[in-house]
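Here are the chains, one letter per residue:
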Amino acid sequence: MTKLVQVAVAILIRPNGEYLLASRPQGKGWAGWWEFPGGKIESGETPAQALIREAQEELGITPTQTQPWIKRRYDYPATHDAEAKTVLLHFFFVHAWQGALQAREGQQFAWQHPQIGNVTPVLPANAPIMQALSLPPVYAISNVQEMGEPTFLQALKRQLDQGLQLLQVREPQLDSAALAQLSEQILQLCAPYDCRCLLNASPEQALQLGYQGVHLNSQRLLAMSVKPDHLLVGASCHNLEQLQKAQTLQLDFALLSPVLPTKSHPEAAGMGWEIFEDMLNGLEIPVYALGGMRPTHLAQAQACGARGIAMQSGLWQAQLA
Ligand SMILES: Nc1nc2c([nH]c(=O)n2[C@H]2C[C@H](O)[C@@H](COP(=O)(O)OP(=O)(O)OP(=O)(O)O)O2)c(=O)[nH]1
Ligand SMILES: [Mg+2]
């Protein structure tokens, strides 16, 4: 049997969203590969304690604002410089720290833009983590039907000014002419910002109207046999079968809902955080929690292993409050 190594991993994030990678120093297994700072959890230590100790030892800093994220198990084969082992990685976001970064182990540092990672190779266990980090923590869903177009566009502008980076346009009540007209306005409004827009429709419609992405409902997801080209692709899932289908198709992300009871689907009870966390366990595709979400639920969703939260009324209302 290979040994299980538990590891605390620190994803240092700057306010502009860049995160820190470090090269593994000479003399360690997988030397020269890029990773997040961190290291083995010692006996008697919690993952959070190991995180702080490793940050002090490797970087000379003390994390002051941390947030648990995904746990990920990975089997490493034996290589010329390392034996076979299974690692259980406990990823944490580190949003703030004391002290100035020092390369205490002779490692190199590289701050990475989430969508333009430019150092390679990154340790193979981290591939799904890099994919998740290329997406922002909040996914907004349009609500023109309830708010009316002028109010919605105003609210959208305010969210864009506050850093919104991912938007789903979901307005099934509109006919195709009205949807084309609304799409043009939304895409124009978003163009100067770093915000990608997905249309909840078929991939053909999304491409035709000039969207960067398509959001599949669960019916379209189940009917699909290959990931559409040239689009960022997300899908709505309500059970494990659908999540697995999204993963098999190698979609960019999935939504899992309803987590909590919601106004838009009052008949559905909400699976709760415990089941939500269980369903994400072992999944490689990034997932957003949906259903009754408000901005304050982000930390809880991430502690369950989600990339973040998707919100419709919870987002647009939060800013009016
Ligand atoms: N720090 C870190 N380790 C990772 C990442 N991804 C990943 O698969 N690992 C694996 C590589 C190693 O097998 C293990 C971490 O062990 P390590 O060798 O860095 O441990 P350590 O810092 O405590 O150093 P030492 O015991 O060798 O002195 O976890 C990552 O992003 N960061
Ligand atoms: Mg280390």
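Residues numbered from 1 in each chain as written. Chains lettered and ligands numbered in written order. Predicted model: local features only at pLDDT ≥ 70, side-chain atom pairs only at ≥ 80, totals over all residues. Heavy atoms only, no water.

The name given to the protein chain in an unreviewed UniProt entry is 8-oxo-dGTP diphosphatase, with the source organism recorded as Methylophilus medardicus. Reading the Sequence similarities (unreviewed entry) entry of the UniProt record for the protein chain gives the comment "Belongs to the Nudix hydrolase family." Looking at the protein chain in UniProt, the text filed under Cofactor (unreviewed entry) is "Mg(2+)". (UniProt positions renumbered as here; feature names shortened; annotations may be inferred.)

## Some remarks on the nonpolar core
By size, the foremost hydrophobic cluster in this structure holds 55 residues, and its most contacted members are Leu167, Ile186 and Phe276. If near-sequence neighbours (up to four positions away) are discounted, Leu167 is found in contact with Tyr139, Ala140, Ser142, Leu156, Ile186, Cys190, Cys195, Arg196, Cys197, Leu198 and Trp316. If you look at the next biggest cluster of nonpolar residues, it comprises 27 residues, including Ile13, Tyr76, Val119 and Ile129. (Core = buried A, V, L, I, M, F, W, Y, C linked by side-chain atoms within 4.5 Å. Buried < 20%, exposed > 50% of the residue type's maximum accessible area, 1.4 Å probe, protein only. Contact = heavy atoms within 4.5 Å.)

## Some remarks on the coordination of the magnesium ion (ligand 2)
Put simply, the ideal angle at a metal is 109.5 degrees for four donors in tetrahedral geometry and 90 or 180 degrees for six donors in octahedral geometry. Here the magnesium ion (ligand 2) is held by the protein donor atoms Gly38 (O) and Glu58 (OE), which lie 2.2 to 2.3 Å from it. Of this pair, Gly38 sits in strand S4 (residues 38–40) while Glu58 sits in helix H1 (residues 47–59), placing them 20 residues apart in sequence. Given the relative accessible area of 14%, Gly38 is considered buried. You can call Glu58 buried: its relative accessible area is 3%. (Donors = N, O, S within 2.8 Å, 3.2 Å for Na, K, Ca; no water. Helix = DSSP H or I, 4+ residues; strand = E, 2+ residues; numbered from the N terminus.)

## Re the UniProt feature "binding site: Mg(2+)" (unreviewed entry) in the protein chain
According to UniProt, the feature "binding site: Mg(2+)" (unreviewed entry) maps to Gly38 and Glu58 in the numbering used here. Taken along the chain, the residues just named run across 21 residues; in space they keep tight, none of their C-alpha pairs more than 7.5 Å apart. Here Gly38 is in contact with Ala8, Val9, Glu54 and Glu58, once residues within four sequence places are set aside. For Glu58, the contacting residues outside a window of four places in its chain are Lys28, Pro37, Gly38, Gly39, Gln102, Ala103, Arg104, Glu105 and Gln107. In this structure the side chain of Glu58 is engaged in a polar contact, spanning 3.1 Å, whose partner is the backbone nitrogen of Gly38. (Polar contact = N/O pair within 3.5 Å; in protein donor to acceptor, adjacent residues only side chain to side chain.)

## Remarks on the domain arrangement of the protein chain
Taken domain by domain, the protein chain comprises domain 1 (3–124) and domain 2 (138–317). Each of domain 1 and domain 2 has a C-alpha centre, and the two are 30 Å apart. Across the contact, nine residues belong to domain 1 and 11 residues belong to domain 2. Surface buried jointly by domain 1 and domain 2 totals about 740 Å² across both partners, of which 37% is contributed by carbon and sulfur atoms. Of all residues in domain 1, Gln67, Trp69 and Gln115 bury the most surface against domain 2, accounting for 55% of the area lost on that side. (Domains from an automatic or database assignment. Buried area = accessible area lost by both parts, 1.4 Å probe.)

## Some details on the site of ligand 1
Neighbouring ligand 1 are 19 residues, the closest being Lys28, Phe36, Lys40, Tyr76 and Asn126. Residue Lys40 places a side-chain N or O atom 2.8 Å away from an oxygen atom belonging to ligand 1. A total of 620 Å² of accessible area belongs to ligand 1 in isolation, and the protein chains cover 84% of it. Of all the elements in the fold, those that place two or more residues in the shell around ligand 1 are strand S1 (3–12), S4, H1 and strand S6 (85–98). Residue classes in the shell around ligand 1 are distributed as nine nonpolar, three polar and seven charged. (Near = heavy atom within 4 Å. Areas by Shrake-Rupley, 256 points an atom, 1.4 Å probe, with all protein chains shown as cover. Nonpolar A, V, L, I, M, F, W, Y, C, P; charged D, E, K, R; others polar.)

## Here's the deal with the sheet that holds strand S7 (residues 109–112)
Here three strands make up an open sheet; going across it, the order is S3-S2-S7 and the pairing antiparallel. Whereas interior strands pair on both sides, the edge strands pair on one side only; in this sheet they are strand S3 (34–35) and S7. Looking at chain direction, strand S2 (residues 19–23) and S7 are connected through four bridges and run antiparallel. Among the inter-strand pairings, Tyr19 is bridged to a residue of S7, identified as Gln112. (Pairing = 2+ DSSP bridges.)

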